[in-house]
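Read off the chains here:
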Amino acid sequence: MRYLYGPVPSRRLGFSLGVDLVPLKTCTYECIYCQLGRTTNKTIKRGVYIPAKPIIREIEDFLGHMKNPVDYITFSGSGEPTLHSQIGPIIGEIKQMTSIPVAVITNGSLLFMDEVKKDLSEADLLVPSLDAISKTVYETINRPEDSLEIDRVIQGIVDFRERFRGQIWIEILYCRGVNDDPSEVAKMKEVLEKINPDRIQLNTVYRPPAEDFASPLDEERLREIGENFGAKATVINPYQGDKSPGRKREVEAHIIDALKRRPLTAEDMAEILGLHPQEVIKHLKLLLDGNAIRHRLHGHKIFYEIPR
Ligand code: SF4
């Protein structure tokens with residue numbers, strides 16, 4: 001499978017089949033905490049980054065041979081999925097093929113565009129991230145493409161909420177000393193009230209970030225912020241829900257074997273193991289959580305290795 005990965009265990013979405021619509025790493029942002037490393041193609045230009053037909057054929061093939069049901073078909077992957085100008089028709093085709101719910105994990109930056117709102121209207125779940133409200137904090141943490149403005153991004157999410165029939169779960173990733181200031185948190189609370197999402201999920205830097213100065217918030221402060229946001233808010237626990245049978249053990253054994261020889265990046269491992277980089281990253285997260293491997297930054301690349 002070239003454009004699909006998994007099914008992979010997901011902390012929030014159970015067992016999820018990933019669909020990747022853009023080449024690594026094509027995004028409207030270059031977040032300091034990004035686990036995919038630095039953005040190589042920072043753009044807001046929508047286009048057919050990958051032809052839709054082979055993606056749809058792969059999904060059809062997967063569904064035709066599926067042995068165990070998956071909880072979601074999820075658009076996520078090597079960058080920002082709404083940059084693909086045919087995401088709407090692709091979602092439409094999936095809805096014709098199966099009743100498995102469709103989720104889109106997005107940074108929400110293009111929701112101000114009418115065509116993006118239309119394209120996402122048939123999804124069942126949208127998980128937009130929103131890490132900052134103030135211009136300077138937004139520019140520091142998300143490092144957006146030059147033309148993007150946070151006020152317009154927020155308005156796009158608010159407008160989409162009003163017409164969308166599915167669920168919206170907002171994800172906020174907190175980095176210590178960057179977006180956790182009390183005044184920024186207070187502004188975030190106001191905006192969340194305006195958006196009125198179904199869930200608010202708080203996250204921090206649990207995984208190797210693109211920049212080594214992106215540091216995690218301590219759990220107590222994260223919980224305190226969550227309580228301030230009210231009953232819809234939960235702190236994502238990285239140590240829950242990542243359980244899956246046989247294939248997990250098999251892939252992780254291959255990763256450990258490869259790392260015993262030399263430190264590797266996720267992309268190196270994807271190539272060696274013939275897997276999608278996102279699938280490798282999901283398994284690397286589980287191995288990091290279990291302290292079976294560790295990571296280090298070298299020349300802006302994230303290398304994984306076995307602790308000695
Ligand atoms: S929006 Fe997502 S993919 Fe893009 S830079 Fe940020 S974390 Fe990485």
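What comes next concerns the included structure.

**A few points about the site of the ligand**
The ligand sits among Lys25, Cys27, Tyr29, Glu30, Cys31, Tyr33, Cys34 and Asn107. Taking a 2 Å distance to the grid points as the criterion, the majority of the atoms of the ligand fall inside the largest cavity. When its residues are assigned to classes, the shell around the ligand shows five nonpolar, one polar and two charged.

**A closer look at the packing of aromatic side chains**
The full count for this structure, using the stated rule, is two aromatic pairs. Seen from their ring centres, tyrosine 29 and tyrosine 138 are 5.6 Å apart, and the 80 degrees between their planes marks the pair as edge-to-face. Pair noted here: tyrosine 29 is in the loop between strand 3 (26–27) and strand 4 (41–42) and tyrosine 138 is in helix 4 (residues 135–141), with a separation of 109 residues, a long-range link. In terms of burial, tyrosine 29 and tyrosine 138 fall into one category: buried. Between phenylalanine 160 and phenylalanine 164, the ring centres sit 4.6 Å apart and the planes meet at 25 degrees, which makes this aromatic pair stacked.

**Points about the sheet that holds strand 9 (residues 199–204)**
Across the sheet, which stays open at both edges, the eight strands sit in the order 1-2-5-6-7-8-9-10 with mixed pairing between neighbours. This sheet does not close on itself; its edge strands, each paired only once, are strand 1 (4–10) and strand 10 (233–235). If you compare each strand with its neighbour and ignore which way they point, the axes differ by 25 degrees on average. In this sheet, strand 10 lies alongside strand 9 in parallel orientation, the contact comprising three bridges. Among the inter-strand pairings, isoleucine 200 is bridged to a residue of strand 10, identified as alanine 233.

**A short note on the nonpolar core**
Counting residues in each nonpolar core, the largest one holds 94 residues, and the members touching the most others are Phe75, Leu130, Tyr174 and Phe229. Shared between two domains, this core holds at least three residues of each, these being domain 1 (4–240) and domain 2 (245–308). Counting residues in each nonpolar core, the second largest holds six residues, with Leu13, Ala103, Leu125 and Trp169 among its members.

**Structural notes on empty space enclosed by the protein**
According to the stated counting rule, one finds four cavities of 30 Å³ or more in the structure shown. Within this model, the largest cavity holds a volume of roughly 850 Å³. The set of elements that each furnish at least two residues to the lining of the largest cavity consists of strand 1, strand 2 (14–20), strand 5 (72–76), strand 6 (102–106), strand 7 (125–128), strand 8 (167–174), strand 9 and helix 10 (277–289). For the lining of the largest cavity, a count of residues per class yields 17 nonpolar, 14 polar and nine charged. Two domains each donate at least three residues to the lining of the largest cavity, and these are domain 1 (4–240) and domain 2 (245–308). Empty space within the second largest cavity amounts to approximately 40 Å³.

Criteria and thresholds
Residues numbered from 1 in each chain as written. Predicted model: local features only at pLDDT ≥ 70, side-chain atom pairs only at ≥ 80, totals over all residues. Heavy atoms only, no water. Near = heavy atom within 4 Å. 1 Å grid on protein atoms, 1.4 Å probe; cavity = no way out; pocket = protein on both sides within 12 Å on 5 of 7 lines; lining within 4 Å. Sits in = over half its atoms within 2 Å of the grid points. Nonpolar A, V, L, I, M, F, W, Y, C, P; charged D, E, K, R; others polar. Phe/Tyr/Trp six-rings, centres within 6.5 Å; stacked < 30°, edge-to-face > 60°. Helix = DSSP H or I, 4+ residues; strand = E, 2+ residues; numbered from the N terminus. Buried < 20%, exposed > 50% of the residue type's maximum accessible area, 1.4 Å probe, protein only. Pairing = 2+ DSSP bridges. Axes fitted to C-alpha atoms, helices over the stretch in contact; angles between N-to-C directions. Core = buried A, V, L, I, M, F, W, Y, C linked by side-chain atoms within 4.5 Å. Domains from an automatic or database assignment. Points joined across faces, edges and corners; volume = space filled by probe spheres on them.

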